[in-house]
Amino acid sequence: MKVLVPVKRVPDTAGEKKIDPNDNTVDRESVESVLCPVNEFAIEEAVRLKESHDAEVTVLLVGPESAQPIVRKALSYGLDAGLQVTDDAIAGSDALGTARVIAKALEEQEFDLVLFGNQSTDARTCLVPAAVAELLGLPSLTYARHLEIDGGSVTVHREHEEGWDVVTSQLPAVVSVVEAINEPRYPSFKGIMAAKSKPLDVRSLADLGVEPEQVGANGATATMYEFKDRPPKEAGTIVEDDGTGAAAAQLADWMTEKKFV
Amino acid sequence: MHTLPEEHRHLLELVRGFATTDVAPQADGYERAHEFPRPLFDQLAAMDLTGLPFGAAVGGSELPYRVYLMVVEELSRASLALGMGLSVHTLATWAIDSYATPEQRQLLVPDLVAGRALGAYALSEPGAGSDAASITTRARRDGDVYLLTGTKAWVTHGGVADRYLVMARTGAADAGGISAFVVDADQPGMTVAEPESKMGLWSSPTAQLILDDAPVPADRLLGDVEGQGFRVGMASLDGGRLGIAACAVGLAQAALDVAVGYAREREQFGRPIGDFQGVSFLLADMATRTEAARALYRSAAERRDHASGVGPHAGTPGAGTGYPTTIPSAMAKLAATDAAMQTTTDAVQVLGGAGYTTDYPVERYLREAKVLQILEGTNQIQRMLIGRQLTAPRA
Ligand SMILES: Cc1cc2nc3c(=O)[nH]c(=O)nc-3n(C[C@H](O)[C@H](O)[C@H](O)COP(=O)(O)OP(=O)(O)OC[C@H]3O[C@@H](n4cnc5c(N)ncnc54)[C@H](O)[C@@H]3O)c2cc1C
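Residues numbered from 1 in each chain as written. Chains lettered and ligands numbered in written order. Predicted model: local features only at pLDDT ≥ 70, side-chain atom pairs only at ≥ 80, totals over all residues.

Asks: Can you walk me through the domain arrangement of chain B in this structure?
Replies: All names here are of chain B. You can read the domains of chain B as domain 1 (6-113), domain 2 (119-229) and domain 3 (230-391). In this structure, domain 2 and domain 3 have C-alpha centres spaced 29 Å apart. Contact residues are listed per partner, giving 14 residues for domain 2 and 11 residues for domain 3. Considering only residue class, the side of domain 2 that touches domain 3 consists of 10 nonpolar, 4 polar and no charged. (Domains from an automatic or database assignment. Contact = placed C-beta atoms within 7 Å. Nonpolar A, V, L, I, M, F, W, Y, C, P; charged D, E, K, R; others polar.)

Structure, rendered in structure tokens:
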């Protein structure tokens, strides 16, 4: 079977992120870029499909040339090939714009399964996987915490607040995974070395037949007008136990007031 | 790290991620349980980290020794038992890989390099420590086997290793009468004693091997020649001691990290204690000593890589001629382990009473540093080697 794993370059989750006031996007220079940690779960699932189903896995990244190390990083987990879509016109794309590029890139590929992380750690919209499925007219199975392939179908446990639903669809399909799905392993050193010589195809928007106006800041349906720093943390309420039990009542009142109970 | 080639940088990032996320949080638990962290070693194996300096023919990554040592340092910063575990494993594997016959190499080395088998090195005996040439364990040829009888002492990984390099006497009562054997853990006639009850390094088991007419197949005589065991033992220590130096630097760095963090937080007399010169000078000396030790082991490793013809100096004059690097190794081991002892002791001092409790790891670091001044040749023996060379008659 053939699997595609779209991955994203994000600012280091642990780092302090800054917005560039010139174009209201994340300042990529201010913090180290990493492979989005949620993608590691999709990659691990793909590696397991390699082991169980002999899957051939291609990693797809939409992003500038400087993001190539992220493709290599993804390949270091033992994936087979890379596909990068790079074009200056892509900068500033919103979720739909990104989804358009990914969908176009996927149209050219043969695949049975697309494995997304359910969200990226910078934008956290959770929109792209479903949008890609919609654009491709494929079944969308999101928030998977368990995945099984059986012949020509895929079954996932779709996570929600009260538990999960069991959802099955025919392949090809688009799946997004949540972090509960597995425990990603580390790449191996030999995997890191081998990643350097894996095939990597680089395409432009023109190659894919995407109109530049449909993507990037100009094609974005959402516009950021303004941003502010997060307000400083206010001191919390301190409830002191004076031994009379009044503290318990105070805590209960506070929780009711904040609508926790 | 910024001067390293990209692939080495990626390797060290991989190791650092693993060390901080997986190893460090578990190190103390394994220590208290007195249990070797085999699952962590197995993870090293899964990441291809157990055979970094070995040849591709046996499954290794052919990395310079210098880079392998940086991995040992990084691991030791999180867990000395694991970092030293890799170092001792490499010591045994190197000896076998370097002196085996082609058939033995094929049979015995690949699973050590892949980390499926854990290696150990058994030279010392109850009566033969610093004077290692005086071992009395005997190996007597009997048809297709050698019968080994005697007690090997202080064996790191004793009881948890899969393969032991055992030195035993096949000939005269001198260094030339010693041979090396590769003995599997399930060797009939060999038992492992209760592990030693030690001051520290509890998750690295140290135990005696008791050999009682153990019939070791004759094809396990390393290199298929008698009498080269002492040479094997000493030559492998040249690399092993660099490993111990890297362990010591990792340990010193760990102690320094804790001390610096504490000195910035802890306030007395209305100021962080790090503001007091008495404390900041202590920290400055700890940092400088650690960095000096790091530079020394890395430059010694560069000489070793030059001697073996790998790394950036390949092709320069003298490269690959295999000249001995015993003295740089001894110097690095001596300086780095003394630095670790001093630095861990000072770290306890910086933390005051807290440093003397098990609430902080520095008391453990201090106990662990002590053993590094003893094993793979005490620091007196390192000084003896260095001094002997300085005062040797000139040719
Ligand atoms: C935790 C641990 C792990 C070990 N792991 C291994 C292992 O895996 N394999 C292995 O083979 N061995 C191992 N050893 C053994 C270690 O190498 C020996 O302990 C060491 O070589 C010293 O020998 P000894 O303990 O018999 O001390 P001794 O040789 O009895 O020395 C006692 C003291 O006398 C000093 N001394 C001795 N001779 C001289 C001299 N000529 N000049 C000046 N001072 C001298 C020593 O420096 C020391 O201070 C380990 C030891 C420990 C504690």
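Still more ground to cover, so stick around.
Asks: Teacher, can you tell me more about unusual backbone geometry here?
Replies: Note that the residue after Leu-171 of chain A, namely Pro-172 of chain A, is joined by a cis bond; omega there is -5°. Looking at the element boundaries, Pro-172 of chain A is found in the loop between β11 (163-170) and β12 (173-177). You will see that Trp-154 of chain B, though not glycine, has its phi angle at about 60°, which is positive. Summarising the element assignment, Trp-154 of chain B is placed in strand β3 (residues 145-156). Assessed through the 18 C-beta atoms surrounding it within 10 Å, Trp-154 of chain B is described here as partly exposed. (Helix = DSSP H or I, 4+ residues; strand = E, 2+ residues; numbered from the N terminus. Buried ≥ 20, exposed ≤ 12 C-beta atoms within 10 Å, placed from the backbone.)

Asks: Hey, could you run me through the packing of helix α3 (residues 65-78) of chain B against helix α7 (residues 229-265) of chain B in this one?
Replies: Any two packed helices are characterised by the angle at which their axes cross and by the distance between the axes. All names here are of chain B. Where α3 meets α7, the closest approach of the two axes is 7 Å, and the angle between their N-to-C directions is 40°. When the axes of α3 and α7 are compared, the pair comes out oblique. α3 and α7 meet at a crossing whose hand is right-handed. Contacts from Tyr-65, Leu-69, Val-72, Glu-73, Glu-74, Leu-75, Ser-76 and Arg-77 in α3 reach Gly-239, Leu-242, Gly-243, Ala-246, Cys-247, Val-249, Gly-250, Leu-251, Gln-253 and Ala-254 in α7. Its residues assigned to classes, the contact of α3 with α7 comprises 10 nonpolar, 5 polar and 3 charged. (Axes fitted to C-alpha atoms, helices over the stretch in contact; angles between N-to-C directions. Parallel < 35°, antiparallel > 145°, perpendicular 65-115°, else oblique. Left-handed = near helix turned anticlockwise from the far one by under 90°.)

Asks: How do you make sense of the site of the ligand when you look at a structure like this?
Replies: Looking at the ligand, there are 22 residues lining it, with Gly-129, Ser-130, Trp-154, Thr-378 and Gln-380 of chain B nearest. The set of elements that each furnish at least two residues to the shell around the ligand consists of β1 (119-122), β3 and α11 (379-391) of chain B. (Near = placed C-beta within 6 Å.)

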